[in-house]
Amino acid sequence: MKPLTRPPLVDPFGRKISYLRISVTDRCDFRCVYCMAENMQFLPRKELLTLEELDRIATAFVARGTRKLRLTGGEPLVRRDIMSLFRSLSRHLTSGALDELTLTTNGSLLSRYADELAGYGVRRINVSLDTLDADKFREITRRGDLKVVLAGIEAARKAGMRVKINAVALKGVNDDEIEELMLWSHGLGMDLTLIEVMPMGEIEVGRIDQYLPLSVVRGRLMDKYTLVDDPYRTGGPARYVRVKETGGLVGFITPLTHNFCESCNRVRLTCTGTLYMCLGQEDAADLRAAVRSSQDDALLYRAMDEAIARKPKGHDFIIDRRRFASGRRPAYDASPAAERTKPMQPLA
């Protein structure tokens, strides 16, 4: 492990910030019903951080103790020249300053980029996949092709990357095939993480009706399978069980039914340079201004220090059906107006 060049980032509760999620774009080639409006209005390109600016901020976090970088979107692989960012960040893997460089993807472009990603040191990826039914997949994504995604997953596996499947549990949509997803994933040596519908971004009326507590899902699985709590951790918020009958892992990310904040070591950077210290709080810091104000990193480090000093102990996600029914903005919608196009993102 390479020694730190600067003091580590530590929040007011003594938690070292060792995991940075970076949204490299707000664009996506899908329009998943729980994530984006069908006719999205994306941000002007001038508001986005350049790839060089993304590299600069990520490198500053690595210098302050971040050991894991995860690139997300939107869909990260649709960003032009994104492989140049992976190539540049891979130097921190080579130096030993970084333990893991990874991404969350919808899989649509994995067939094209899998070998290159593996060459840059990406060893593990998350692929978002909510159903194995081609027609239902098209309905959920509004434009995705299941065959293309499955081919991408296979390409990633052949390239030597470990694939984990992320599935959002949707009441009345895919709750009847979670067992099938588990058996399919485990049969190919892939783990499965289930995610509760996340209370983020502009929320349409249908999303509250899609909410399915994972405690219910876990109970249904326990009726047929032996689930044993497992200490496996990836640095994210998922808590895992091992399924005795399959040997595979199932992770549960439950921001609404279980507060996973006590050991939170994560922060998230948006593609516009906004740093969120907690996904369930509106407080954020503008790192873009610090980067663009000076070529020296002193302002950036100061902004990072001030931001982490405000990291809260935990989130305050709340499901409030009465306020939703009244037509007012739900109590649990934590997205500020400036981030109105920000999509839901899996936390794993």
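Definitions and limits used
- Chains are numbered independently. Their residues run from 1 in the order of the written sequence.
- Only residues with pLDDT of at least 70 are given local features in this predicted model, and only at 80 or more are side-chain atom pairs given and counted; all residues enter the totals for whole chains, interfaces and linings.
- To obtain the side-chain values, all non-hydrogen atoms of the structure were used and water was disregarded.
- Centres within 6.5 Å are what make two rings of Phe, Tyr or Trp a pair, Trp counting through its six-membered ring; a difference in plane orientation under 30 degrees is then read as stacked, over 60 as edge-to-face, and the rest as tilted.
- Under the DSSP-based scheme used, a helix requires at least four consecutive residues in state H or I and a strand at least two consecutive residues in state E, with every element numbered from the N terminus.
- Residue burial is assigned from relative accessible area. The probe radius is 1.4 Å, only protein chains are included, and a residue is buried under 20% of its type maximum, exposed over 50%, and partly exposed in between.
- We count a charge as sitting over a ring when the NZ of a lysine or the CZ of an arginine lies within 6 Å of the ring centre and within 35 degrees of the ring normal.
- When DSSP finds at least two bridges between two strands, those strands are taken to pair.
- Among buried residues, those of type Ala, Val, Leu, Ile, Met, Phe, Trp, Tyr and Cys that are joined through side-chain atoms within 4.5 Å constitute a nonpolar core.
- Any pair of residues with heavy atoms lying within 4.5 Å of one another is described as a contacting pair.
- Each axis is a line fitted through C-alpha atoms, and for a helix only the stretch in contact is used; angles between axes span 0 to 180 degrees, taken between their N-to-C directions.

*Asks:* Just checking my understanding: could you explain the packing of aromatic side chains for this structure?
*Replies:* How two aromatic rings sit relative to each other is given by the distance of their centres and the angle of their planes. Summed over all chains, the structure comprises 1 aromatic pair. Ring geometry for Phe-30 versus Phe-137: centroids 5.8 Å apart, planes at 85°, classification edge-to-face. Here Phe-30, found in the loop between strand E1 (19–23) and helix H1 (51–63), pairs with Phe-137, found in helix H4 (residues 134–141); they are 107 residues apart in sequence, far enough to count as distant. Taken individually, Phe-30 and Phe-137 each receive the classification buried, so the pair is uniform in this respect. The ring of Tyr-19 has Lys-68 lying over it, and the distance from NZ or CZ to the ring centre is 4.4 Å.

*Asks:* Help me understand the pairing of strand E8 (residues 239–243) in this model?
*Replies:* Across a regular strand the side chains alternate sides, sitting on one face of the sheet and then on the other. Bridge count between strand E7 (residues 227–230) and E8: 4 bridges; the pairing is antiparallel. The residue of E8 that forms the bridge with Leu-227 is Val-243. Relative to strand E9 (residues 249–253), E8 runs antiparallel, the two sharing 4 bridges. What sits directly across from Val-241, in E9, is Val-250.

*Asks:* When you look at the nonpolar core in this model, what are you seeing that I'm missing?
*Replies:* As a rule of thumb, soluble globular proteins bury nonpolar side chains together. Formed by 94 residues in total, the largest nonpolar core has its most connected members in Leu-71, Leu-77, Phe-86, Leu-117 and Leu-275. In terms of residue count, the dominant contributor to this core is H1 (8 residues). With residues near it in sequence (within four places) discarded, Leu-275 still touches Leu-20, Phe-61, Val-267, Arg-268, Leu-269, Ala-284, Ala-285, Leu-287 and Ala-307.

*Asks:* How do you make sense of the pairing of strand E5 (residues 162–168) when you look at a structure like this?
*Replies:* Burial within E5 is extensive, with 6 of its 7 residues counted as buried. Bridge analysis of strand E4 (residues 124–128) against E5 gives 5 bridges, and the strand direction is parallel. Residue pairing across strands places Asn-126 opposite Lys-164, the latter belonging to E5. Taken together, the 5 bridges between E5 and strand E6 (residues 191–195) define a ladder with parallel strand orientation. Paired with Val-168 across the strands is Ile-195, a residue of E6.

*Asks:* Sorry, what's going on with the sheet that holds E5 here?
*Replies:* Either a parallel or an antiparallel arrangement is found when strands of a sheet pair, and the pairing is made through backbone hydrogen bonds. Sheet architecture is open: 12 strands sit in the order E7-E8-E9-E6-E5-E4-E3-E2-E1-E10-E11-E12, paired in mixed fashion. Here the strands that pair on one side only, and so sit at the sheet edges, are E7 and strand E12 (284–286). Between one strand axis and the next, the sheet turns through 25° on average, direction left out of account. Contacts from helix H2 (residues 82–95) reach strand E2 (68–72) and strand E3 (100–105), with the element oriented near 150° to E3. Seen against the sheet, helix H8 (residues 214–222) touches E6, E7, E8 and E9 and runs at an angle of roughly 125° to E7.

*Asks:* What is the right way to look at unusual backbone geometry in this model?
*Replies:* Keep in mind that most residues, glycine aside, have a negative phi and that most peptide bonds are trans. Here the amide bond leading from Gly-73 into Gly-74 is cis, since omega sits at 15°, within 30 degrees of zero. By the element assignment, Gly-74 lies in the loop between E2 and H2. With phi around 60°, Asp-81 is a residue other than glycine that occupies positive phi space. Mapped onto the elements, Asp-81 comes out in the loop between E2 and H2. Residue class for Asp-81 comes out exposed when judged on its relative accessible area of 55%. Positioned with a positive phi, Arg-142 is a non-glycine residue whose angle comes to about 70°. Locating Arg-142 in the fold gives a position in the loop between H4 and helix H5 (146–158).

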